[in-house]
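Residue strings, one per chain:
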Amino acid sequence: MTASMRAGTLETLDLGTVFDVFRKGRLPANAPELVDQVFGKEGERGCLVVSGANGIVGAGKTMQLASRLEPFGVPVVALDFAGAPDGLGRQHPGLVRTFGRERASRIMENTVRLSYDGKRLPAQLKGLRPRFLLEAIPEILEAKRAHYEVFRQAFPGIEIRSVTSGFPSSKLGVGIAHPAFPHEVNKVWEVVEEEPSAVTQLLWALGLTPIPVSDHWSFVLDVLFCGTTLAALRIHQASNMPYWKIDKHVRSLLGPNPLRAHDVIGAKGADFLTWSCLHHLSREYGALFEPTPDLEERKDTGQEWYPPKHLRPLVDWPPQESELSEFRTRLLGPLFQMTALLLHERRSHLSHINSIGELCAQFRRGVLSMIRGLGRETALEIVRDYHRLHPQAKGAGGWHPGAFGDMDSPSWRQLYVNAEHDGKVGIVSIGRERYNGDVDAELNRAIDWLQGAKIERVIVSGDFHLSGQMVGADIADFFPALESAEEGLRLSTAWSRTARRLNDDFRVSVGFVGGKRCLGGSLELLMHCHYLVARSEAELGMPEVTLPVVPGMEGCHWPFRKASPDQWPRLLDLLLTGSPVRAGAATGWLVDYAGPLEDALAAAWQIATEGRRGLARRKLRAGGLKGMRLTDGGGHGPGGPAVLAARKAILDCVRESCAKPLPEALLVQARLCADFMGSDLCRKGGIGAERAKATA
């Protein structure tokens, strides 16, 4: 019997728990078996049909699925009107970049293009035995329903899913598989079905991220993204602030450029989709979602929000503080009210609602994380202030302040990090690819919870759902440190102390890398575990030198204390080049065990439960390291002034922190990291550029 802090997101797919993955030593869904269920057994495979395959969504999803189904011999039929623009052809360069020319050619060869008139299916389709239809035709309800009827008459029993952005399954009569923005690259699919199906589990097994949501208008993503767009347009309506300047301030407060995003996707189609979502939401919930006149106009004209050859004025008068305060209220007020509606209707797991904003709508922090950080009373006051500016939004049952009433529950407190245990072994699973202050606080609470249950053995891993990889620290958390050495010191010290708990607070701790890569701060975190176990093909790296920044979670001394002196040059190479290494090639000096995924899962579980014969724990040397004669020697590749300065700073940090005993080394590295973050070179590097983009 296991206990958990909160329900895990894998459970929403009927795939068990992260604990089950380690205990059983295998993933809960098998792609070949699920391909057989959905498309038929080898030699009798039916095809996937994508209708509307030349549109933005259809073309992106055709290639995303075709690239994953081609190894299983599943043909993909791209169906569209004769004369439709060649959206599929535009996907080919991306396939070549990702897979190489030979594999890209095989994927395209396995994709059969067929044309039809919208009423009769092409005769060739019958011989391809369609088993699954993914519908991506325009957002016209009657047209979609008629489309399904044509397919059902021709192929009774065919599985059908719609990529609709807004129509509920109950209106369409089919399940929903809504691919999230941006359609060509994002792996997230909002899924509506009565219970998790083989289709949804196959998406997961193919490396995609299906997220179950409830059957309400516009699901979760488009309430958040279209709602943010609407808030931006209402700001223009109220203040006549130009669209580009609204985008600038939205980006500074939240992260996305909602109006520019519509132009990038394709203004004509994107504006119609946003209008359609808001139009139907307003019929259901009232003025909170009512489209503005400029959106009504542009959904027909397709005019871009940023004119061609758009130039900003040379003089850009900064707004007064009172104007920024009102802007903040007009942006966050409706967003928080819409979020309360999502919670009131229980549209998805709280971690899903929060992550969809980050993974798909480009929020720097998920909306629930933002609300949690502000606190319930502040969030409610922002909505009340918004209602004073836009009183119509309060009516028609669209405001549910009680939805913020349970913010002390584990579901609210653990949006990114979950923990489970069986009384002996604990599993900590991290559901965010980038480490930030929220993850740090939640990780500490998870450790506290396990300690309260007297758990002495723990595995730390990604969650096998929302975080397919662990790619280091969220550099948005570094922005304050560019101006304040004290903030840089606080950040590096606090995160390093959290990481040390994995070494100090458990009798046995195992860091597990099950995704494609583990980089930077994520690797620094896991290397604090007594053992580091990884799938052999995983890439491990310390890319901080390329940003440039000095590693701030003890990467400059902790791994040296666990490696033999003859391996120190390899660790230094990892730090000074930024180039990753395969886990299989890092065994013995960075990784304790690497192997195929199932073998690695079994090894992690065996170490955590009973120890592993023949695999000794690498000793952590607590004193100052002697005999270190490490030099750059110019052998770590070229670089501009920033990279060369970062190499010197990292090398200095290695020397100074390794020379100190363990209790002193943390503060030495934290100080050197903070000093470099406050330097001009760091401010002008990648982190500074990202901060400038966020605030420009």
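Residues numbered from 1 in each chain as written. Predicted model: local features only at pLDDT ≥ 70, side-chain atom pairs only at ≥ 80, totals over all residues. Heavy atoms only, no water.

1. Remarks on the sheet that holds strand β7 (residues 175–179)
Inference 1: The strand order across the open sheet formed by 8 strands is β4-β3-β2-β5-β6-β7-β8-β9, and the pairing between neighbours is mixed. Two strands in the sheet have a free side with no partner beyond their single neighbour: β4 (111–116) and β9 (209–212). On average, adjacent strands in this sheet sit at an angle of 25 degrees to one another, irrespective of strand direction.
Inference 2: Judged from the 6 bridges that link them, strand β3 (residues 76–81) and β4 form a sheet pairing that is parallel. Considered in β4, the bridge of Val76 is made with Thr111.
Inference 3: Lying on the sheet, helix α3 (residues 56–69) is in contact with β2 (47–51), β3, β4, β5 (130–135), β7 and β8 (188–192); it crosses β2 at an angle near 165 degrees.
Inference 4: Here helix α6 (residues 141–154) sits on the sheet in contact with β2, β3, β4, β5 and β6 (159–162), set at roughly 175 degrees to β5. (Pairing = 2+ DSSP bridges. Helix = DSSP H or I, 4+ residues; strand = E, 2+ residues; numbered from the N terminus. Axes fitted to C-alpha atoms, helices over the stretch in contact; angles between N-to-C directions. Contact = heavy atoms within 4.5 Å.)

2. Some points on the pattern of salt bridges
Inference 1: Here the structure, examined in full by the defined rule, presents 37 salt bridges.
Inference 2: When the shortest N-O distance is used, the salt bridge between Arg372 and Glu442 registers 2.8 Å. Here the residue Arg372 occupies a position in helix α16 (residues 367–374), and Glu442 occupies one in helix α19 (residues 437–452), the gap between them amounting to 70 residues.
Inference 3: The exposure class assigned to Arg372 is buried, which follows from its relative accessible area of 17%.
Inference 4: Linked by salt bridges that have partners in common, Glu70, Glu102, Arg103 and Arg106 make up one network. (Salt bridge = Lys/Arg side-chain N within 4 Å of Asp/Glu carboxyl O. Buried < 20%, exposed > 50% of the residue type's maximum accessible area, 1.4 Å probe, protein only.)

3. Here we look at the domain arrangement of the protein
A common way to report how large an interface is uses the accessible area buried once the components associate.
Inference 1: Along its sequence, the protein is organised into domain 1 (40–212), domain 2 (220–307 + 322–409) and domain 3 (416–694).
Inference 2: Each of domain 1 and domain 3 was reduced to a C-alpha centroid, and the two centroids are 40 Å apart.
Inference 3: A buried area of about 320 Å², summed over both sides, lies between domain 1 and domain 3, and 53% of it is on carbon and sulfur atoms.
Inference 4: The interface formed by domain 1 and domain 3 holds 0 salt bridges in total.
Inference 5: Viewed at the interface, domain 3 and domain 1 are joined by 2 residue pairs in polar contact (both at pLDDT 80 or more).
Inference 6: The leading source of residues in the side of domain 1 that touches domain 3 is β9, at 3 residues.
Inference 7: Tallied by class, the residues present in the side of domain 1 that touches domain 3 amount to 3 nonpolar, 1 polar and 1 charged. (Domains from an automatic or database assignment. Buried area = accessible area lost by both parts, 1.4 Å probe. Polar contact = N/O pair within 3.5 Å; in protein donor to acceptor, adjacent residues only side chain to side chain. Nonpolar A, V, L, I, M, F, W, Y, C, P; charged D, E, K, R; others polar.)

4. Examining α6
Inference 1: Taking 1.5 Å per residue, 14 residues should reach 20 Å; α6 reaches 21 Å between its end C-alpha atoms and fits that length.
Inference 2: For α6, the complete set of buried residues consists of Leu141, Lys144, His147, Tyr148 and Phe151. Projected down its long axis, α6 shows its buried positions confined to an angular sector of 125 degrees, all on one face. Of the residues in α6, the exposed ones pointing more than 90 degrees away from the buried face are Glu142 and Gln153.
Inference 3: As for α6, its buried residues are in contact with β2, β3, β4, β5, β6 and α7 (169–172). (Expected span 1.5 Å × (residues − 1). Arc of directions from axis to C-beta.)

5. So, the pairing of β6
Inference 1: As judged from the 4 bridges shared by β5 and β6, these two strands associate in the parallel manner. Note on β6: the bridge partner recorded for Leu133 is Ile160.
Inference 2: Handedness of the crossover joining β5 and β6 through α6: right-handed.
Inference 3: In this sheet, β7 lies alongside β6 in parallel orientation, the contact comprising 2 bridges. Bridge pairing in β7 links Arg161 to Gly175. (Right-handed = clockwise from strand over helix to strand, strands pointing away.)

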